[in-house]
Each structure stands twice: as structure tokens, then as C-alpha cells.
Amino acid sequence: MSSAISSTSANLAGVPQTVRATGQYTTAPTEDDPYAYLPGHGNRFISEALPGVIPRSQNTPQRVKYDLYSEQLNGSAVNTKRTEIRHVWMYRVRPSVAHGDVAPCPSVNEHIESSFTSNPAVEACASQQAWDPFPIPETGAADASAVNFVQGIRTIGGKGDVTMEQGIAIHVYAANADMEREAFCNNDGEMLILPQQGRLNITTELGSLMVRPGEVFLMPSGMRFSVKLPDGPSRGYIHEAFADRHILPELGVIGANGMALDRGFLAPLACFYVDENPWSITYKFGGSLHKCTQNHTPFDVVAWHGNHVPVKYDLNDFVNLANASKDQADPTIYTVFTVRSCKEDTPLSEFLIFTEKWITAEGTFRPPYYHRNMSTEIMGLVFGQYGGSSHVLAPGGLSYESSYMPHGETYETWKAATERQLEPTKICEGTMAFMFHIRGAVKLTKWALHGDGANSLHPSEASQWDSIRPGFFDHAEQIAADMAAQTKRQEREEAEREELIRRLQS
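Just so it is clear, the structure is predicted and the values come from calculations on it, not from any experiment. (Residues numbered from 1 in each chain as written. Predicted model: local features only at pLDDT ≥ 70, side-chain atom pairs only at ≥ 80, totals over all residues. Heavy atoms only, no water.)

### Describing the pattern of salt bridges
Side chains bearing opposite charge may pair, as long as their charged atoms lie close to each other. The line we're drawing: Take a side-chain nitrogen of Lys or Arg and a carboxyl oxygen of Asp or Glu: if they are within 4 Å of each other, that pair is a salt bridge. The way it works is that DSSP assigns letters per residue, a run of H or I at least four long becomes a helix, a run of E at least two long becomes a strand, and they are numbered from the N terminus. Each residue is placed in one exposure class: buried if its accessible area under a 1.4 Å probe, protein chains only, is under 20% of its type's maximum, exposed if it is over 50%, and partly exposed if it falls in between.
In this structure the tally under the stated criterion is 23 salt bridges. The salt bridge involving Lys284 is made with Asp188; its shortest N-O contact spans 2.9 Å. Here the residue Lys284 occupies a position in strand S19 (residues 279-285), and Asp188 occupies one in the loop between strand S10 (182-186) and strand S11 (190-197), the gap between them amounting to 96 residues. For the residue pair Lys284 and Asp188, the accessibility class agrees, reading buried in each case. Here Glu240 ties to Lys284 by a salt bridge, and the two come within 2.8 Å at their closest N and O atoms. Remark: Lys284 occurs in strand S19 and Glu240 occurs in strand S16 (residues 234-241); sequence separation between them is 44 residues. With respect to class, Glu240 is no different from Lys284; both count as buried. Several salt bridges converge on common partners, so that one network encompasses Asp32, Asp33, Arg212, Glu215 and Lys312.

Right, here's the structure in full:
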């Protein structure tokens, strides 16, 4: 025993008896992402680009170190429940109020919609729709126009109205140019941004994030940001929430260790720039665009603390769950984010992700079953191939299934699935698909159905269902025999009851 202890002591001779962390944990930069991040979701972060700026035990000292200005951004009502408070304190070179006149500027982009009630630019559509990949603006040609991220947004559909703080909007974006000394601020809601092609180098007031295809980015309301395209032209999807912010779903009986883990979300580190050149800021407010200029960068925050912060998340980190023995789980088990509605315990919208996973259910029809859903399903594909429906879905495209309308796989897929020898199978290999699962009806824009967006429509032929055979009729003889046997059984049981009654009465 003593020799074992002696051996262990020798092995630990160079190790101190006490080792403590020397600082806050941050992730390390990688080859395709030059930034470090703070991990976590919903917690209160603290970040300083220069030490000692965050004031101790208060938010607005009489004088901030380096004569910085203190400024608070509230993302929730100031008197809401403690668990619902969202805000951030920033200590910056100049306060945000230092800007020129703000004026309406609809010419920045006339294809963004934020009202889906009495807006003539939108319409109800009950039929299934599918769009091939939306085109990306050309570069290099003599007549090619520069289109930045904000200019490249196109609304596909939505519900509700931004001025009522109720609803959501679904957009796509396609851009070929950086935002050069330009920033955007969405005062109408929080934006979930999902790049499909090309990374987005996003500078925010709280720091920078590199968002890669396969990652999702949340930009909180009321915060300015700018987008550059390090890989050239880019395309992707946007889910804008007017009603509430995107939150993680409750886990219930799943417990703490499934779906999207909180520590997988990454917030930026404080970073400030010294740029005394003219900048323009575009604001989305009340569904319209407004613009102002200022003679300095808006990205001059030296330090900040709070929980109203931009974050990104690698969707490949999602912990998939599935029924292990039989039957299918509802697809909402793949929910990454949910947006609450005014109806208690009923989401307004959910963001679902479909990535590589094992399917082991026995004696089960494994493809998506035929379905009529009270929710609208809008699906997209980041990469790979997805065979979960009868329509075509390619990376950069979209599909739409309206509320309560029937949809499902082709007959050929159904037939093959009913005859296949089942064994544990890995599905969605090399694939990342997603769904915006939206409660009730969604209206689509005229741009998507009849305008330039309609050029990408991929018609779904109703004749594809003509091949469906009622296999039930192939079993006519067996059905007749089963019915005859059932009749005989019923007659026998009736005779036995009558005999029992007769005996009881005698």
C-alpha cells in the first residue's frame, strides 16, 4: 500500500496542490471562424475590450472610466417579471443618440412585408407550393448590381401585424455585396438568420460573430448590426418574430440533457472600432424603413453586460431524440427555438431542425405519414437531400404546406416503406433540413406567388396522386370471409345470450 502511495506521489510531483481558473471560459478561434465567444443562452454575460470599464455595483456611475458613455438597451418591458427581463448595459465612445435626422427611406428595399392582415401585397393560399433555390445576384458582369444583405431580403409570407406586436414573417435573402459603413437595426422584432450558402461576418454593437452555413444566428430587436460576405455571394433564410423573442422549448420529462444544450450557444466578446467616417443606419420601424447618417461608427462599445445579446448556435450540435422501440415521435421533438403566442401553452411558431440520426423503431412506417396539420409547415434545406415530402426541395429553396391541408409522401415512397425489411438505419446523412412550424394560417406575398419570386416556383402536379391504388380492394375475398366469420360469431354470441336469458327466466 505504501509503495502505491509513493508511486502516485512521484507521478504528481510537478502538479500544484491547488489549481484555480485564471479567467472566464471562452471558445477558441478556428480556421473558418476567427472569433472567440462566450458560451451560454439567456444568462447574463460580462465582456470588456479594455479592463476595468464595467462599474462595480452600479450601472450608471457619475463618470465611467475613459469618459465613456453608459447606455441601456431594453429588450423587454422594464417592469416585467424578473425571469422575462432582457436588457444590456453598454459603455461606449459615443451614445447612440449622436446621429443625423431620421427620415423614411422605402427605396432601400420595397420587398419587405410586416403586415399580413389587410395588406394588398399578401394573399391566402391553400395549395401546396415549392420554390427551387432562389437566385443569387450576379457579380462580375458589366450590368451586375451590388446588393447587400438588407437590400437582398424578400418576404415569402407571414401572419399577424408588427404594429400589434403579434405575428411572424418568413423571408429569404440573397446578397453579393458587403455593407460598407452601413448598419441595420430591426426595431420591429428579433431575427433568426440561417445562412445556406456563404458565411456571414456579422458585426454587432456587442462584438463580431462569424455565422457559417449549418449555424443559426439570433439578432435581438433594437440592436444595430452590419453584414459582410467573406465567401462572396450568399443566400439564406430569416424568421422574424414580432410577438416575442425566440426561446428554447421546455424539456419536461426529457430532462436536462437533450435537444439544444444551453452551453452550445455563443455570444460575442466586446470589440470596439475607431472610425470617424460617415456611416448610414437603416431602421426597420412599424414595417417601414427609415434612414439616418452619422459621422462615426455605431460599433464603439468598449464593454457591456446583460442578456439581450446576439448569439449563434451550431445546429450539428443538436441532441436528437427519437422513439426507440416503435411508432414515430411528433417532429416537434426536433425543436430548437419556439416563439410564444398569446394563447397559453401554444407556440406561435417553432424552428425545427432535421439532421443525421438513427431510426430504430420496429414494425413502424418510418417516412413522414400522411398528415393534416393545424399548423402551417414551411421547410427549407441548408445542404444535402431531403425526401420527407412529395414535392421537390433543394438547398436554397422552400416548400409550403398550408394549415389543415393534406400532405405526405408519394405513393411509390409509401409502397416501398410498407414492404422494406426494417433494421436500424441512419437517416439525413450529409443533410440539414429545417421547418418553420407556424400555428394556423399564413399568408404569402404576391412577390413569392406572382412576382420575381414566382420564377422559382416548382409546380406540384396533382396527377402525381393518380398512381395511388386503394390496396384495400385487393383483399375483397379476405374481407368477405372476415365479415362472414364476424357475422357467424355475432349470431353465435346472440344465441348464447338468448339461451342465458331463457335459463334465468325459467
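### Some points on the sheet that holds strand S12 (residues 200-204)
The condition is simple: Here, a strand pair is defined by DSSP locating no fewer than two bridges between the strands.
One open sheet accounts for seven strands, arranged S5-S20-S19-S10-S15-S12-S13; its pairing is mixed. Lying at the two open borders of the sheet, with one neighbouring strand each, are strand S5 (103-104) and strand S13 (207-211). Relative to strand S20 (residues 288-294), S19 runs antiparallel, the two being bridged by seven bridges. Paired with Phe285 across the two strands is Ser288, which belongs to S20.

### Observations regarding the packing of aromatic side chains
Going by this rule: Stacked, tilted and edge-to-face pairs are distinguished by plane angle, under 30 degrees for stacked and over 60 for edge-to-face with tilted covering the rest, among Phe, Tyr and Trp rings (Trp via its six-membered ring) whose centres lie within 6.5 Å. Only when the NZ atom of a Lys or the CZ atom of an Arg is both within 6 Å of the ring centre and within 35 degrees of the ring normal do we say a charge sits over the ring.
Inspection of the entire model under this criterion finds 17 aromatic pairs. Plain terms: the ring middles of Phe45 and Trp304 are 6.4 Å apart, the flat faces sit at 65° to each other, and that makes the pair edge-to-face. With Phe45 in strand S2 (residues 45-48) and Trp304 in strand S21 (residues 301-306), the pair connects residues that are 259 residues apart, well separated along the chain. Taking relative accessible area as the criterion, Phe45 reaches 4% and is therefore assigned buried. The exposure class assigned to Trp304 is buried, which follows from its relative accessible area of 0%. Ring pairs connect the aromatic residues Phe149, Tyr173, Phe184 and Phe225, which therefore count as one cluster. Here the basic side chain of Lys357 rests over the ring of Tyr334, its NZ or CZ set 4.7 Å away from the ring centre.

### Some thoughts on a nonpolar patch on the surface
Here is the rule: Each patch is built from residues that are more than 30% exposed by relative accessible area and take part in no salt bridge. Like charges join if they lie within 9 Å; nonpolar side chains (Val, Leu, Ile, Met, Phe, Trp, Tyr) join within 5 Å. All accessible areas in this document rest on Shrake-Rupley with a 1.4 Å probe, and a residue is counted as covered only by the protein chains that are shown.
Judged by side-chain polarity, Tyr370, Trp414, Trp465 and Ile468 come together as a nonpolar surface patch covering roughly 360 Å² of accessible area. Topologically, Tyr370 is positioned in the loop between strand S25 (357-359) and strand S26 (375-383).

### Some words on the nonpolar core
Looking at soluble globular proteins, one finds that nonpolar side chains tend to be buried together. Which entries qualify depends on this criterion: Here, nonpolar core refers to any group of buried Ala, Val, Leu, Ile, Met, Phe, Trp, Tyr and Cys residues whose side-chain atoms link them within 4.5 Å. The contact rule is simple, with two residues in contact once any of their heavy atoms fall within 4.5 Å.
Of all hydrophobic cores here, the largest spans 87 residues; its most connected members are Phe149, Trp304 and Phe351. It is strand S29 (residues 432-439) that contributes the most residues to this core, six residues altogether. Those residues in contact with Phe351 that sit more than four places away from it in its chain are Leu192, Leu194, Val216, Leu315, Tyr334, Thr335, Val336, Phe337, Phe434, Met435 and Phe436. Counting residues in hydrophobic clusters, the runner-up holds eight residues, among them Val53, Leu68, Val302 and Ala303.

### What to know about the environment of Ile153
Considering the arrangement of structural elements, one finds Ile153 in strand S8 (residues 153-161). Ile153 sits in the buried class, given a relative accessible area of 3%. Considering only alpha carbons, one finds Ile153 and Tyr173, 20 residues apart in sequence, at a separation of 4.2 Å. Apart from the residues lying within four places of it in its own chain, the contact partners of Ile153 are Asn109, His111, Ile112, His171, Val172, Tyr173, Met191 and Ile238.

### Description of the side chain of Asn176
Keep this limit in mind: By the criterion applied in these results, polar contacts are pairs of N or O atoms within 3.5 Å in which, for protein atoms, one can donate a hydrogen and the other can accept it, and in which residues neighboring in sequence qualify only through two side-chain atoms.
Mapped onto the fold, Asn176 is located in the loop between strand S9 (166-175) and S10. Taking relative accessible area as the criterion, Asn176 reaches 14% and is therefore assigned buried. Of the polar contacts made by the side chain of Asn176, one reaches the backbone oxygen of Glu138; its length is 2.7 Å. Engagement of the side chain of Asn176 in a polar contact is seen with the backbone nitrogen of Val147, the distance being 2.6 Å. Excluding residues that lie within four positions of it along the chain, Asn176 makes contacts with Pro137, Glu138, Thr139, Ser145, Ala146, Val147, Leu229 and Pro233.

### Quick word on the state of the cysteines
Just so we agree on the cut-off: The disulfide criterion is simple: two cysteine sulfur atoms within 2.5 Å.
Following the criterion strictly, the structure yields zero disulfides and no others. Of the cysteine sulfurs around Cys105, a residue in no disulfide, the closest is that of Cys292, at 11 Å. Residue Cys105 is classed as buried on the basis of its relative accessible area, which comes to 18%.

### Observations regarding the side chain of Asp161
Counting through the fold element by element, Asp161 comes out in strand S8. Here the side chain of Asp161 touches Ser115 through a polar contact of 2.6 Å, side chain to side chain. There is a polar contact of 2.4 Å between the side chain of Asp161 and the side chain of Thr163.

### With respect to the pairing of strand S15 (residues 224-228)
Of all five residues making up S15, four are buried, and the element is well covered by its neighbours. As paired elements, S10 and S15 share two bridges and run antiparallel to each other. Note that in S15 the partner of Phe184 across the bridge is Phe225. Here four bridges tie S12 to S15, and the two strands are oriented antiparallel to one another. Counterpart to Asn201 in the pairing with S15 is Lys228.

### Here we look at the environment of Ala361
With respect to the secondary-structure elements, Ala361 resides in the loop between S25 and S26. Distance from Ala361 to Leu229, taken between C-alpha atoms, is 43 Å for residues 132 residues apart in sequence. Beyond its immediate chain neighbours, meaning those up to four positions away, Ala361 contacts Asn323, Ala324, Ser325, Lys326, Asp327, Arg366 and Leu422.

### Some details on the sheet that holds strand S7 (residues 129-131)
If you walk across this open sheet you meet the seven strands as S7-S27-S26-S29-S24-S23-S17, and the pairing is antiparallel. Each of the sheet's edge strands pairs with one partner strand only, and the pair in question is S7 and strand S17 (246-247). Summarising the sheet, S26 and S29 pair through eight bridges and their orientation is antiparallel. Looking at S29, one finds that Ser375 is bridged to Arg439.

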